[in-house]
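Read off the chains here:
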Amino acid sequence: MNNAETPKFGSAEYFRAHLASNDIPKFVNRELALKNAKRHYPVGIKEIDDATRGGFVEGLSVMYAIPSAGKTALLGQFVYHTSLTSPVLIFELEMNRDDIETRWITMQTYLNDPVNTIYAVSTDKLTSKPFIENASDTEWAHIEKAGVEAEKHLKNIYVFDASDGQFTADRISETVEAFVKLSPIPPVVIVDSIQYIPSSEKTMTWTEKKQLDYSLHILADLAHKYRLLVFAVSIMTKNTFSNKQADFEALCGSNLLSYGADNIYSLSFHNTDDIDAERRKPEREVDLTLKKSRNSGVGDVVNLIFRSQFMHFSHNSNPTKPPEKKKKTDKKQPKEETNGFEKVQKDDDCPFEQLTIENV
(Lines give C-alpha, C1' and ligand atoms only; values in the text may rest on other atoms or scores of the structure.)
Protein backbone atom coordinates (compact mmCIF):
# COMPACT_ATOMS: atom_id res chain seq x y z
CA MET A 1 0.00 0.00 0.00
CA ASN A 2 1.53 3.33 -1.06
CA ASN A 3 1.15 6.60 0.80
CA ALA A 4 -1.78 7.70 -1.39
CA GLU A 5 -3.69 4.57 -0.39
CA THR A 6 -2.78 4.69 3.29
CA PRO A 7 -5.88 5.62 5.32
CA LYS A 8 -5.62 8.75 7.41
CA PHE A 9 -4.69 8.00 10.99
CA GLY A 10 -7.76 7.96 13.23
CA SER A 11 -10.23 7.72 10.35
CA ALA A 12 -12.84 4.98 10.03
CA GLU A 13 -10.89 3.58 7.06
CA TYR A 14 -7.75 3.40 9.23
CA PHE A 15 -9.47 1.20 11.79
CA ARG A 16 -11.24 -0.92 9.15
CA ALA A 17 -7.80 -1.67 7.63
CA HIS A 18 -6.75 -3.16 10.97
CA LEU A 19 -9.73 -5.46 11.46
CA ALA A 20 -8.53 -8.97 12.37
CA SER A 21 -11.27 -10.45 10.20
CA ASN A 22 -9.46 -9.11 7.12
CA ASP A 23 -6.80 -11.79 7.59
CA ILE A 24 -9.12 -14.83 7.76
CA PRO A 25 -8.67 -15.79 4.06
CA LYS A 26 -4.88 -16.12 4.36
CA PHE A 27 -5.36 -18.84 6.96
CA VAL A 28 -8.34 -20.77 5.55
CA ASN A 29 -7.74 -20.47 1.81
CA ARG A 30 -5.25 -23.27 1.04
CA GLU A 31 -3.40 -21.33 -1.67
CA LEU A 32 -3.06 -18.24 0.50
CA ALA A 33 -2.25 -20.35 3.56
CA LEU A 34 0.64 -21.99 1.72
CA LYS A 35 1.91 -18.59 0.65
CA ASN A 36 1.78 -17.27 4.22
CA ALA A 37 3.03 -20.41 5.97
CA LYS A 38 6.22 -19.97 7.97
CA ARG A 39 9.37 -21.35 6.39
CA HIS A 40 11.03 -24.28 8.11
CA TYR A 41 14.66 -25.19 7.55
CA PRO A 42 15.48 -28.87 8.22
CA VAL A 43 18.58 -29.44 10.32
CA GLY A 44 19.34 -32.81 8.71
CA ILE A 45 19.08 -34.67 12.03
CA LYS A 46 15.66 -36.36 12.02
CA GLU A 47 15.11 -36.17 15.76
CA ILE A 48 15.72 -32.41 15.81
CA ASP A 49 13.51 -31.91 12.77
CA ASP A 50 10.74 -33.92 14.46
CA ALA A 51 11.05 -31.98 17.74
CA THR A 52 10.93 -28.63 15.93
CA ARG A 53 8.02 -29.72 13.70
CA GLY A 54 10.06 -29.53 10.52
CA GLY A 55 13.29 -27.76 11.40
CA PHE A 56 14.33 -24.34 12.62
CA VAL A 57 11.60 -21.86 11.71
CA GLU A 58 11.71 -18.27 10.47
CA GLY A 59 11.86 -15.56 13.12
CA LEU A 60 14.49 -14.64 15.69
CA SER A 61 16.07 -17.66 17.36
CA VAL A 62 18.71 -17.73 20.09
CA MET A 63 21.03 -20.60 21.04
CA TYR A 64 23.12 -20.62 24.20
CA ALA A 65 25.41 -23.12 25.90
CA ILE A 66 28.42 -23.41 28.15
CA PRO A 67 31.79 -23.43 26.34
CA SER A 68 32.63 -26.60 24.36
CA ALA A 69 29.05 -27.88 24.17
CA GLY A 70 29.15 -27.13 20.44
CA LYS A 71 26.68 -24.30 19.77
CA THR A 72 28.73 -22.81 16.91
CA ALA A 73 29.47 -26.31 15.57
CA LEU A 74 25.78 -27.31 15.57
CA LEU A 75 24.77 -24.15 13.73
CA GLY A 76 27.70 -24.69 11.35
CA GLN A 77 26.40 -28.18 10.57
CA PHE A 78 22.89 -26.78 10.13
CA VAL A 79 23.94 -24.11 7.61
CA TYR A 80 26.12 -26.66 5.78
CA HIS A 81 22.98 -28.74 5.27
CA THR A 82 20.56 -25.92 4.47
CA SER A 83 22.96 -24.12 2.10
CA LEU A 84 22.06 -26.63 -0.63
CA THR A 85 18.63 -25.00 -0.86
CA SER A 86 19.00 -21.56 0.76
CA PRO A 87 21.74 -18.93 0.91
CA VAL A 88 23.30 -18.30 4.31
CA LEU A 89 24.87 -15.11 5.67
CA ILE A 90 27.18 -15.63 8.64
CA PHE A 91 28.42 -12.72 10.73
CA GLU A 92 31.28 -14.31 12.66
CA LEU A 93 32.26 -11.90 15.42
CA GLU A 94 34.30 -14.30 17.59
CA MET A 95 36.41 -16.30 15.14
CA ASN A 96 37.87 -15.47 11.75
CA ARG A 97 36.74 -16.74 8.38
CA ASP A 98 39.45 -19.41 8.13
CA ASP A 99 38.46 -20.93 11.47
CA ILE A 100 34.88 -21.36 10.30
CA GLU A 101 35.66 -22.64 6.81
CA THR A 102 38.16 -25.29 7.93
CA ARG A 103 35.46 -26.73 10.20
CA TRP A 104 33.33 -27.58 7.17
CA ILE A 105 36.18 -29.35 5.41
CA THR A 106 36.96 -31.25 8.62
CA MET A 107 33.31 -32.31 8.92
CA GLN A 108 33.26 -33.42 5.28
CA THR A 109 36.34 -35.63 5.77
CA TYR A 110 34.28 -37.40 8.45
CA LEU A 111 31.09 -37.54 6.36
CA ASN A 112 32.98 -39.17 3.47
CA ASP A 113 33.36 -42.29 5.63
CA PRO A 114 31.80 -42.00 9.11
CA VAL A 115 32.36 -45.72 9.82
CA ASN A 116 36.08 -45.80 9.07
CA THR A 117 37.46 -42.44 10.19
CA ILE A 118 41.12 -43.21 9.51
CA TYR A 119 41.28 -40.44 6.90
CA ALA A 120 39.04 -37.97 8.74
CA VAL A 121 41.10 -34.91 9.72
CA SER A 122 40.58 -32.58 12.69
CA THR A 123 40.80 -28.82 12.25
CA ASP A 124 44.11 -28.60 14.09
CA LYS A 125 45.66 -31.10 11.66
CA LEU A 126 44.17 -29.34 8.66
CA THR A 127 45.98 -26.14 9.61
CA SER A 128 49.15 -27.76 11.03
CA LYS A 129 52.33 -27.23 9.02
CA PRO A 130 53.96 -30.51 10.23
CA PHE A 131 50.86 -32.50 9.24
CA ILE A 132 50.59 -30.82 5.83
CA GLU A 133 54.28 -31.49 5.15
CA ASN A 134 54.18 -35.14 6.25
CA ALA A 135 50.72 -36.28 5.13
CA SER A 136 50.83 -39.15 2.66
CA ASP A 137 49.46 -38.77 -0.86
CA THR A 138 46.55 -41.00 0.14
CA GLU A 139 45.74 -38.84 3.16
CA TRP A 140 45.91 -35.67 1.10
CA ALA A 141 43.75 -37.19 -1.64
CA HIS A 142 40.98 -37.68 0.94
CA ILE A 143 41.31 -34.06 2.03
CA GLU A 144 41.05 -32.89 -1.59
CA LYS A 145 37.98 -35.09 -2.06
CA ALA A 146 36.39 -33.46 0.98
CA GLY A 147 37.23 -30.04 -0.42
CA VAL A 148 35.44 -30.79 -3.69
CA GLU A 149 32.30 -31.82 -1.82
CA ALA A 150 32.49 -28.92 0.62
CA GLU A 151 32.72 -26.45 -2.24
CA LYS A 152 29.18 -27.40 -3.34
CA HIS A 153 27.87 -26.20 0.02
CA LEU A 154 30.14 -23.22 0.52
CA LYS A 155 29.11 -21.67 -2.82
CA ASN A 156 25.91 -20.61 -1.07
CA ILE A 157 27.45 -19.50 2.25
CA TYR A 158 28.74 -15.95 2.80
CA VAL A 159 31.04 -15.34 5.78
CA PHE A 160 31.74 -11.88 7.21
CA ASP A 161 34.27 -11.44 10.01
CA ALA A 162 36.07 -8.56 11.75
CA SER A 163 38.43 -8.15 8.78
CA ASP A 164 35.44 -6.92 6.76
CA GLY A 165 34.85 -3.96 9.06
CA GLN A 166 32.77 -3.16 12.12
CA PHE A 167 29.54 -5.14 11.86
CA THR A 168 27.34 -3.15 14.20
CA ALA A 169 23.68 -4.13 14.47
CA ASP A 170 22.75 -1.50 11.89
CA ARG A 171 25.53 -2.65 9.55
CA ILE A 172 24.35 -6.26 9.81
CA SER A 173 20.81 -5.14 9.00
CA GLU A 174 21.98 -3.06 6.01
CA THR A 175 24.03 -6.00 4.66
CA VAL A 176 21.12 -8.44 4.94
CA GLU A 177 18.69 -5.98 3.36
CA ALA A 178 21.06 -5.43 0.44
CA PHE A 179 21.32 -9.20 -0.07
CA VAL A 180 17.53 -9.66 0.11
CA LYS A 181 17.15 -7.21 -2.79
CA LEU A 182 19.59 -9.26 -4.89
CA SER A 183 18.46 -12.78 -4.03
CA PRO A 184 15.21 -14.45 -5.13
CA ILE A 185 15.57 -16.83 -2.16
CA PRO A 186 15.48 -15.43 1.40
CA PRO A 187 18.75 -16.02 3.26
CA VAL A 188 19.29 -17.64 6.64
CA VAL A 189 21.24 -15.27 8.91
CA ILE A 190 23.65 -16.35 11.67
CA VAL A 191 25.15 -13.89 14.18
CA ASP A 192 27.90 -15.33 16.40
CA SER A 193 27.57 -13.94 18.97
CA ILE A 194 25.11 -11.19 19.76
CA GLN A 195 27.17 -9.97 22.74
CA TYR A 196 30.12 -9.35 20.41
CA ILE A 197 28.26 -6.92 18.17
CA PRO A 198 30.37 -3.74 18.43
CA SER A 199 28.95 -0.39 19.44
CA SER A 200 28.36 2.32 16.87
CA GLU A 201 28.78 6.07 17.18
CA LYS A 202 25.13 6.20 18.22
CA THR A 203 25.43 3.55 20.93
CA MET A 204 29.00 3.89 22.24
CA THR A 205 27.91 5.89 25.32
CA TRP A 206 25.13 3.43 26.19
CA THR A 207 25.37 0.74 28.83
CA GLU A 208 26.17 -2.79 27.63
CA LYS A 209 22.62 -3.89 28.46
CA LYS A 210 21.08 -1.05 26.45
CA GLN A 211 23.39 -1.82 23.50
CA LEU A 212 22.41 -5.49 23.64
CA ASP A 213 18.72 -4.59 23.77
CA TYR A 214 19.20 -2.39 20.72
CA SER A 215 20.98 -5.16 18.80
CA LEU A 216 18.18 -7.56 19.70
CA HIS A 217 15.53 -5.16 18.43
CA ILE A 218 17.40 -4.69 15.15
CA LEU A 219 17.72 -8.45 14.57
CA ALA A 220 14.09 -9.11 15.55
CA ASP A 221 12.85 -6.39 13.19
CA LEU A 222 15.03 -7.81 10.42
CA ALA A 223 13.63 -11.32 10.92
CA HIS A 224 10.01 -10.22 10.98
CA LYS A 225 10.17 -7.59 8.24
CA TYR A 226 11.62 -9.97 5.65
CA ARG A 227 10.36 -13.24 7.17
CA LEU A 228 13.86 -14.59 7.70
CA LEU A 229 15.40 -17.10 10.07
CA VAL A 230 17.86 -15.00 12.08
CA PHE A 231 19.86 -17.13 14.52
CA ALA A 232 21.82 -15.34 17.24
CA VAL A 233 24.36 -17.22 19.34
CA SER A 234 24.42 -16.04 22.94
CA ILE A 235 27.15 -16.48 25.51
CA MET A 236 26.26 -17.32 29.10
CA THR A 237 26.87 -15.32 32.22
CA LYS A 238 29.89 -16.59 34.16
CA ASN A 239 27.87 -17.34 37.29
CA THR A 240 25.81 -19.84 35.26
CA PHE A 241 28.83 -21.77 33.94
CA SER A 242 27.52 -25.07 35.21
CA ASN A 243 25.67 -27.90 33.58
CA LYS A 244 22.58 -27.04 35.60
CA GLN A 245 21.55 -24.28 33.26
CA ALA A 246 19.19 -21.79 34.83
CA ASP A 247 16.54 -21.19 32.25
CA PHE A 248 16.82 -17.65 30.96
CA GLU A 249 19.11 -16.35 33.69
CA ALA A 250 21.93 -17.91 31.67
CA LEU A 251 21.32 -15.55 28.77
CA CYS A 252 24.01 -12.95 29.17
CA GLY A 253 23.24 -9.28 29.53
CA SER A 254 19.59 -8.72 28.66
CA ASN A 255 16.20 -9.90 29.86
CA LEU A 256 14.88 -9.02 26.42
CA LEU A 257 16.72 -12.03 24.97
CA SER A 258 14.18 -14.31 26.63
CA TYR A 259 11.18 -12.16 25.70
CA GLY A 260 12.16 -10.88 22.26
CA ALA A 261 13.28 -14.18 20.71
CA ASP A 262 10.69 -16.37 19.00
CA ASN A 263 12.63 -19.55 19.77
CA ILE A 264 15.36 -20.33 22.31
CA TYR A 265 17.54 -23.45 22.37
CA SER A 266 20.17 -24.54 24.86
CA LEU A 267 22.92 -27.15 24.76
CA SER A 268 24.08 -28.93 27.90
CA PHE A 269 26.14 -32.02 28.67
CA HIS A 270 24.04 -35.11 29.30
CA ASN A 271 23.88 -36.58 32.84
CA THR A 272 27.09 -35.09 34.15
CA ASP A 273 28.15 -32.19 36.30
CA ASP A 274 31.85 -32.73 35.62
CA ILE A 275 32.10 -30.18 32.83
CA ASP A 276 35.89 -30.15 32.62
CA ALA A 277 36.04 -33.93 32.18
CA GLU A 278 33.31 -33.87 29.51
CA ARG A 279 35.03 -31.09 27.56
CA ARG A 280 38.15 -33.24 27.24
CA LYS A 281 36.26 -36.08 25.55
CA PRO A 282 36.43 -36.33 21.73
CA GLU A 283 32.83 -37.58 21.77
CA ARG A 284 30.44 -35.77 24.10
CA GLU A 285 26.83 -36.51 24.98
CA VAL A 286 24.91 -33.27 24.54
CA ASP A 287 21.24 -32.43 25.09
CA LEU A 288 19.52 -29.91 22.83
CA THR A 289 16.59 -28.45 24.78
CA LEU A 290 13.79 -26.33 23.32
CA LYS A 291 13.57 -23.67 26.00
CA LYS A 292 11.07 -21.49 24.20
CA SER A 293 9.13 -22.01 21.01
CA ARG A 294 6.15 -20.41 19.35
CA ASN A 295 5.68 -23.42 17.06
CA SER A 296 6.80 -26.63 18.77
CA GLY A 297 6.99 -28.43 22.09
CA VAL A 298 8.67 -26.41 24.83
CA GLY A 299 10.83 -28.62 27.00
CA ASP A 300 11.49 -31.23 24.32
CA VAL A 301 15.01 -32.64 24.59
CA VAL A 302 17.04 -34.29 21.84
CA ASN A 303 20.07 -36.28 22.94
CA LEU A 304 23.05 -35.94 20.60
CA ILE A 305 26.60 -37.14 20.15
CA PHE A 306 29.05 -34.31 19.44
CA ARG A 307 32.24 -35.52 17.75
CA SER A 308 34.24 -32.43 18.54
CA GLN A 309 37.32 -33.41 16.53
CA PHE A 310 35.18 -33.51 13.38
CA MET A 311 32.67 -30.76 14.31
CA HIS A 312 29.77 -33.14 13.74
CA PHE A 313 26.54 -33.93 15.59
CA SER A 314 24.30 -36.97 15.25
CA HIS A 315 21.43 -38.43 17.22
CA ASN A 316 22.41 -40.55 20.20
CA SER A 317 20.26 -43.69 20.13
CA ASN A 318 21.67 -45.01 23.41
CA PRO A 319 21.98 -42.13 25.90
CA THR A 320 23.69 -42.73 29.20
CA LYS A 321 21.30 -43.32 32.06
CA PRO A 322 21.57 -41.03 35.05
CA PRO A 323 23.45 -42.53 38.00
CA GLU A 324 21.25 -44.09 40.64
CA LYS A 325 20.95 -42.04 43.76
CA LYS A 326 21.87 -43.79 46.96
CA LYS A 327 18.97 -44.14 49.33
CA LYS A 328 19.47 -42.38 52.59
CA THR A 329 19.02 -44.53 55.66
CA ASP A 330 17.85 -42.81 58.81
CA LYS A 331 19.75 -44.19 61.77
CA LYS A 332 17.91 -43.66 65.00
CA GLN A 333 20.11 -42.32 67.75
CA PRO A 334 19.47 -43.25 71.37
CA LYS A 335 17.74 -40.57 73.34
CA GLU A 336 19.82 -38.59 75.78
CA GLU A 337 17.82 -37.40 78.74
CA THR A 338 18.86 -34.04 80.15
CA ASN A 339 16.55 -32.52 82.75
CA GLY A 340 13.34 -33.15 80.86
CA PHE A 341 14.76 -32.16 77.47
CA GLU A 342 15.57 -34.45 74.55
CA LYS A 343 18.73 -33.64 72.62
CA VAL A 344 17.90 -34.10 68.93
CA GLN A 345 20.53 -35.09 66.36
CA LYS A 346 21.92 -32.11 64.46
CA ASP A 347 20.27 -31.63 61.05
CA ASP A 348 22.60 -31.22 58.06
CA ASP A 349 20.59 -28.21 56.92
CA CYS A 350 20.47 -26.60 60.30
CA PRO A 351 23.55 -25.19 62.07
CA PHE A 352 22.04 -25.36 65.53
CA GLU A 353 21.08 -28.11 67.95
CA GLN A 354 17.35 -28.46 68.42
CA LEU A 355 15.71 -29.15 71.78
CA THR A 356 12.19 -30.47 72.31
CA ILE A 357 10.34 -30.40 75.59
CA GLU A 358 9.16 -33.75 76.91
CA ASN A 359 6.45 -34.58 79.45
CA VAL A 360 5.28 -31.01 79.94
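Here is a short report on the structure shown in this document. (Residues numbered from 1 in each chain as written. Predicted model: local features only at pLDDT ≥ 70, side-chain atom pairs only at ≥ 80, totals over all residues. Heavy atoms only, no water.)

Here we come to helix α6 (residues 97–111). The end-to-end C-alpha distance of α6 is 22 Å, a good match for the 21 Å that 15 residues give at a rise of 1.5 Å each. Buried within α6 are the following residues: Ile 100, Thr 102, Trp 104, Thr 106, Met 107, Gln 108, Thr 109 and Tyr 110. Regarding α6, its N-cap is Asn 96, as a side-chain oxygen of that residue lies 3.1 Å from the backbone nitrogen of Asp 98 further along. (Helix = DSSP H or I, 4+ residues; strand = E, 2+ residues; numbered from the N terminus. Expected span 1.5 Å × (residues − 1). Buried < 20%, exposed > 50% of the residue type's maximum accessible area, 1.4 Å probe, protein only. Polar contact = N/O pair within 3.5 Å; in protein donor to acceptor, adjacent residues only side chain to side chain.)

Next up on the list: unusual backbone geometry. Backbone geometry follows two general trends: most residues other than glycine have a negative phi, and most peptide bonds adopt the trans configuration. Cis geometry marks the peptide bond from Asp 192 to Ser 193, where omega comes out at -5 degrees. Relative to the assigned elements, Ser 193 resides in the loop between β6 (188–192) and α11 (208–226). Positive phi, close to 80 degrees, is recorded for Ser 68, a residue that is not glycine. Inspection of the secondary structure puts Ser 68 in the loop between β3 (59–65) and α5 (71–82).

Per the counting criterion, the structure on display carries 13 aromatic pairs. Both rings, one in Phe 56 and one in Phe 231, keep their centres 5.0 Å apart while their planes meet at 75 degrees; by these two values the pair is edge-to-face. Placement of Phe 56 in strand β2 (residues 56–57) and of Phe 231 in strand β7 (residues 229–234) is noted, with a sequence separation of 175 residues between them. Considering the side-chain rings of Tyr 158 and Phe 179, the 5.1 Å spacing of their centres and the 65 degrees angle between planes classify their relative orientation as edge-to-face. Placement of Tyr 158 in strand β5 (residues 157–160) and of Phe 179 in helix α10 (residues 169–182) is noted, with a sequence separation of 21 residues between them. Under the relative-accessibility criterion, Tyr 158 is labelled partly exposed at 34%. (Phe/Tyr/Trp six-rings, centres within 6.5 Å; stacked < 30°, edge-to-face > 60°.)

Following the criterion strictly, the structure yields 13 salt bridges and no others. The shortest N-O distance in the salt bridge between Arg 97 and Asp 164 comes to 2.8 Å. With a gap of 67 residues between them, Arg 97 in helix α6 and Asp 164 in the loop between β5 and α10 connect regions that are remote in the sequence. The partner of Arg 307 in a salt bridge is Glu 283, with the nearest N and O atoms 3.7 Å apart. Of the two residues, Arg 307 is situated in strand β10 (residues 301–307) and Glu 283 in strand β9 (residues 283–293); the sequence distance between them amounts to 24 residues. Classification of Arg 307 as buried rests on a relative accessible area of 15%. Members of the salt-bridge network, linked through shared partners, are Arg 39, Glu 58 and Arg 227. (Salt bridge = Lys/Arg side-chain N within 4 Å of Asp/Glu carboxyl O.)

This part takes up the pairing of strand β4 (residues 88–92). The buried count for β4 comes to five of five residues, which makes it a mostly enclosed element. Side chains Val 88, Ile 90 and Glu 92 project from β4 onto one buried face, and the interleaved Leu 89 and Phe 91 project onto a second face that is buried too. Relative to β5, β4 is paired through four bridges, and the arrangement is parallel. Looking at β5, one finds that Ile 90 is bridged to Val 159. In this sheet, β6 lies alongside β4 in parallel orientation, the contact comprising five bridges. From the neighbouring strand, Val 88 faces β6, where its bridge partner is Val 188. (Pairing = 2+ DSSP bridges.)

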